[in-house]
Amino acid sequence: MSDISESAGHKANPLRWLVVAIPYLWLLVFFLAPFFIVFKISLSQVAIAMPPYVPAFDLAAGISRFFADLKELTFSNYLWLTEDALYWKSYLSSVGIALVSTLILLAIGFPVAYGMARSPKAWRPTLLMLVILPFWTSFLIRVYAWIGILKKEGLLNQFLLWVGAINEPLTIINTNTAVYIGIVYSYLPFMILPLYASLEKLDETLLEAASDLGCPPTKAFWLITFPLALPGVIAGSFLCFIPIVGEFVIPDLLGGSETMMIGKTLWSEFFNNRDWPVSSAVAVLLLLILVVPIVVFQNSQMKAMEAGK
Amino acid sequence: MTIRLFTTVAAAAMVLSFAAAAEDKVVNVYNWSDYIDEEILTEFTAETGIKIVYDVFDSNEILETKLLAGGTGYDVVVPSGEFLARQISAGVFQKLDKNRLPNLGNAWREIQERVARYDPGNEYSINYMWGTTGIGYNVGKVKEILGEDAPVDSWALVFDPENAKKLSACGIYALDAPVETLRAALNYLGINPDSQEPADLEKAGELWMSIRPYVQKFHSSEYINALANGDICIAVGWSGDVLQARDRAAEAENGVEVNYSIPKEGAQMWFDQMAIPADAKNIEAAHVFINYMLKPEVAAKASNYVYYANGNKASQAFLNEDVIGDPAIYPPEEVVQKLYTTTPFPPNVQRVVTRIWTKVKSGQ
């Protein structure tokens, strides 16, 4: 009996290896290899050449040369980042914008997801469809559309003037307000979907039991609904927070000159300064900053999976 | 009439003869947006049988990043002077084969001499267009705010905080091009506009900071529409773009009168140069294209459309009167003497320049 099961296990092995290898291969090819290239450029020095830097070391030049180069490696580009207030200011401002946007997203997304989960079962697929519908249009076009809505002679101002709410057109485009509007609009589905997924699973009999035992609805919400929706809250928040920190398109199109985000700083370092080494250093640091929330997210996911067992 | 008939017949004959031989010939051109009369492209293909793939960019930075990364697939690109100089030293371009450019004799010597500062001996590039960086203004509104004697012929119109403050109510835009805006400030301050000293550039940055609260936006193309619609009063911008705004306003008959001024203190003269990347695949076709653009009638057609001066002396006979006769496009000799050209910043100064400009734009 034991013999049979063992041989079966042996036969399954190569396939099992393949299944395990694919994600690792994916990680290697699409994350570690590009990261290594960027990291290598971040250690090099800028030059007037094609490409515009002098490589810090060259693996093809032979082992002895490689070790000689290794001794001369400098982290001067990283030091430069600490010396100039611009970089940490834009890191901080990016994290701040991401934090505030995530809170706004949560405040809007939670009631929407809650309403969807509490709606009659027959409506739910339609409601879900409506949340996903914007993805049918290109993200870039939707952000451009906001320019038309928010600009001085745009739809919003015309409407407000027509209603009589304002006398002078508001300046919204090219300000941080426009950036928040753009971000909240673009990321809302990413907040609603995980929230909806966890709220829909919620066992309503628990709430009935609570009310039978005399628990007021608000208290029941905080004691039962919210804790059970927490995995969705965490998933939605990280799903929004992490990409917002590195956002470039929205601040570039809707933001003004006072909008500081690390994505824009990186762009100007790369394009205006032609400084590939420093922009690579900025990118490596950005990644390190994002690794912290990603690890926290992974941990909470693991816990949720274990709890699910 | 007979001449036109003859050229049509000749062109048709050429199309027929070339069509078979040059079926696969193609040239990939990468030029600035809104910078050519598209008829030129169809006529080029009709005459030479070479297919043209025409692609556009809107900043030197984008072009340079692509060129430095290599393998762009473009056969002709059009960078501006300082960028060209840096790209030449980075080894981006190949020398032109002047034997394949018989129309080179049409070039304007004076422009070639000025361009030699960026491209010594004119070995790598041919001028497409040149222009100045000055001030576009709404004639009516500026007079209304600053009075009849408004200093429209001076950089003081923008750089004097008193004026900028008054004009800010109706709107000031400026180019988002530090290399040019900081030089204009240096020139206004009486410092050599070609200074490479970080201390001087800091002073230029301070001047911009003093008028920063009154500048609504730094952008390199939106001012065309904003000026034409009468949304703004002042734009620090490129000559041809302001003149396009002037014409759009005139066509719209919206009562807006736009004018372009080369300030009396002087202004930057810039050059957009056609060049062939070292890794271009269709070198022969690229030369044919550049040679075609050097034809007097073709260069004139391009200038008549985009309102920029070209570097083609022979084309001047074919220019419309509102182009050749406009001192904002073809400035008289005494104004040309006051136009300055500048050399590229070395990398460490470039870094300072970008930093100063980021500070100006973000206002902190």
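See above for the structure.
No experiment lies behind these values; they were computed from the predicted model shown.

Conventions adopted
- Residues numbered from 1 in each chain as written.
- Chains lettered and ligands numbered in written order.
- Predicted model: local features only at pLDDT ≥ 70, side-chain atom pairs only at ≥ 80, totals over all residues.
- Heavy atoms only, no water.
- Helix = DSSP H or I, 4+ residues; strand = E, 2+ residues; numbered from the N terminus.
- Buried < 20%, exposed > 50% of the residue type's maximum accessible area, 1.4 Å probe, protein only.
- Salt bridge = Lys/Arg side-chain N within 4 Å of Asp/Glu carboxyl O.
- Contact = heavy atoms within 4.5 Å.
- Buried area = accessible area lost by both parts, 1.4 Å probe.
- Polar contact = N/O pair within 3.5 Å; in protein donor to acceptor, adjacent residues only side chain to side chain.
- Nonpolar A, V, L, I, M, F, W, Y, C, P; charged D, E, K, R; others polar.
- Phe/Tyr/Trp six-rings, centres within 6.5 Å; stacked < 30°, edge-to-face > 60°.
- Lys NZ or Arg CZ within 6 Å of the ring centre and 35° of its normal.
- Patch = residues over 30% accessible without salt bridge, like charges linked within 9 Å, V, L, I, M, F, W, Y side chains within 5 Å.
- Areas by Shrake-Rupley, 256 points an atom, 1.4 Å probe, with all protein chains shown as cover.
- Pairing = 2+ DSSP bridges.
- Right-handed = clockwise from strand over helix to strand, strands pointing away.

A.B. asks: Got a minute to help me understand unusual backbone geometry in this structure?
C.D. replies: With the exception of glycine, the majority of residues adopt a negative phi angle, and the majority of peptide bonds are in the trans configuration. Each neighbour pair has its own omega, and for Met50 of chain A with Pro51 of chain A the value is -10°, a cis peptide bond. With phi around 55°, Asp34 of chain B is a residue other than glycine that occupies positive phi space. The topology assignment puts Asp34 of chain B in the loop between strand E1 (26-32) and helix H2 (38-48). You can call Asp34 of chain B exposed: its relative accessible area is 59%. In this structure, Asn122 of chain B takes a positive phi of about 50° despite not being glycine. Considering the arrangement of structural elements, one finds Asn122 of chain B in the loop between helix H5 (109-115) and strand E4 (125-138).

A.B. asks: Explanation requested: the pattern of salt bridges in the structure shown.
C.D. replies: Pairing between side chains becomes possible if they bear opposite charge and their charged atoms approach one another. This model, assessed by the stated rule, comprises 20 salt bridges over all chains. Note that Arg124 of chain A and Glu200 of chain A form a salt bridge whose closest N and O atoms lie 3.4 Å from each other. Taken as a pair, Arg124 of chain A in helix H5 (residues 124-132) and Glu200 of chain A in helix H8 (residues 176-200) lie far apart in primary sequence, 76 residues in all. Here Asp275 of chain A ties to Arg351 of chain B by a salt bridge, and the two come within 2.4 Å at their closest N and O atoms. With Asp275 of chain A in the loop between helix H12 (262-271) and helix H13 (276-308) and Arg351 of chain B in helix H17 (residues 347-362), this pair bridges two chains. A single burial state applies to Asp275 of chain A and to Arg351 of chain B, both of which are buried. Beyond isolated ion pairs, a larger network of salt bridges with shared partners links Glu82, Arg117, Arg183 and Asp194 of chain B.

A.B. asks: Help me out: how do you make sense of the interface of chain B and chain A in this one?
C.D. replies: Frequently, the measure chosen for interface size is the accessible area removed from exposure when the parts meet. Contacts between the two partners involve 27 residues from chain B, matched on the other side by 28 residues from chain A. Summed over both partners, the interface of chain B with chain A buries about 2,300 Å², with 56% contributed by carbon and sulfur atoms. Between Glu64 of chain B and Arg274 of chain A there is a salt bridge, and its shortest N-O distance comes to 2.9 Å. Taken together, chain B and chain A are joined by 6 residue pairs in polar contact (both at pLDDT 80 or more). Listed by contribution, the elements that provide at least two residues to the side of chain B that touches chain A are helix H3 (60-69), helix H4 (81-89) and H17 of chain B. Residue classes in the side of chain B that touches chain A are distributed as 8 nonpolar, 10 polar and 9 charged.

A.B. asks: Is there a simple way to explain helix H14 (residues 296-306) of chain B in this structure?
C.D. replies: The periodicity of an α-helix, 3.6 residues per turn, causes residues three or four positions apart to be oriented the same way. Residue and element names in this part refer to chain B. By the criterion of burial, H14 is predominantly enclosed, with 8 of the 11 residues buried. Within the span of H14, buried status applies to Pro296, Val298, Ala299, Ala300, Ala302, Ser303, Asn304 and Val306. Residues of H14 that are buried in the fold lie against H2, E4, helix H12 (239-252), helix H13 (283-293), strand E10 (309-310) and helix H15 (321-324). Positive phi appears at Tyr307, one or two residues downstream of H14, with a value of about 60°.

A.B. asks: Hey, could you run me through the packing of aromatic side chains in this one?
C.D. replies: Any two aromatic rings considered together are summarised by their centre-to-centre distance and by the angle between their planes. Using the criterion set out here, one finds 39 aromatic pairs over all chains in the structure. Geometrically, the ring pair formed by Phe35 of chain A and Phe39 of chain A is stacked, given 6.3 Å between the ring centres and 10° between the ring planes. Linking Phe35 of chain A with Phe39 of chain A, this pair stays in helix H1 (residues 2-42), spanning 4 residues, or about one helical turn. By relative accessible area, Phe35 of chain A is classed as partly exposed at 27%. Residue classification places Phe39 of chain A among the partly exposed residues on the basis of a relative accessible area of 28%. For the ring pair Trp146 of chain A and Tyr185 of chain A, a centre distance of 5.5 Å and an interplane angle of 65° mean the geometry is edge-to-face. With Trp146 of chain A in helix H6 (residues 139-150) and Tyr185 of chain A in helix H8, this pair connects stretches of sequence that are 39 residues apart. Note on Trp146 of chain A: relative accessible area 18%, which makes it buried. Positioned over the ring face of Tyr114 of chain A is Arg118 of chain A, at 5.1 Å from the centre of the ring. It is Arg351 of chain B that lies over the ring of Trp80 of chain A; its NZ or CZ is 4.3 Å from the centre.

A.B. asks: How should a nonpolar patch on the surface be read in this particular structure?
C.D. replies: Taken together, the side chains of Val20, Tyr24, Leu25, Trp26, Leu27, Leu28, Val29, Phe30, Phe31 and Leu32 of chain A define a hydrophobic patch exposed on the protein surface, amounting to about 1,000 Å² of accessible area. Mapped onto the elements, Leu28 of chain A comes out in helix H1.

A.B. asks: Can you walk me through the pairing of strand E2 (residues 51-57) of chain B in this structure?
C.D. replies: Put simply, side chains in a regular strand alternate between the two faces of the sheet. Residue and element names in this part refer to chain B. Pairing of E1 with E2 involves 7 bridges; the strand directions are parallel. Bridge pairing links Asn31 to Val56 in E2. Note that the unit made of E1, H2 and E2 has a crossover that is right-handed.

Keep in mind these values describe shape, not function.
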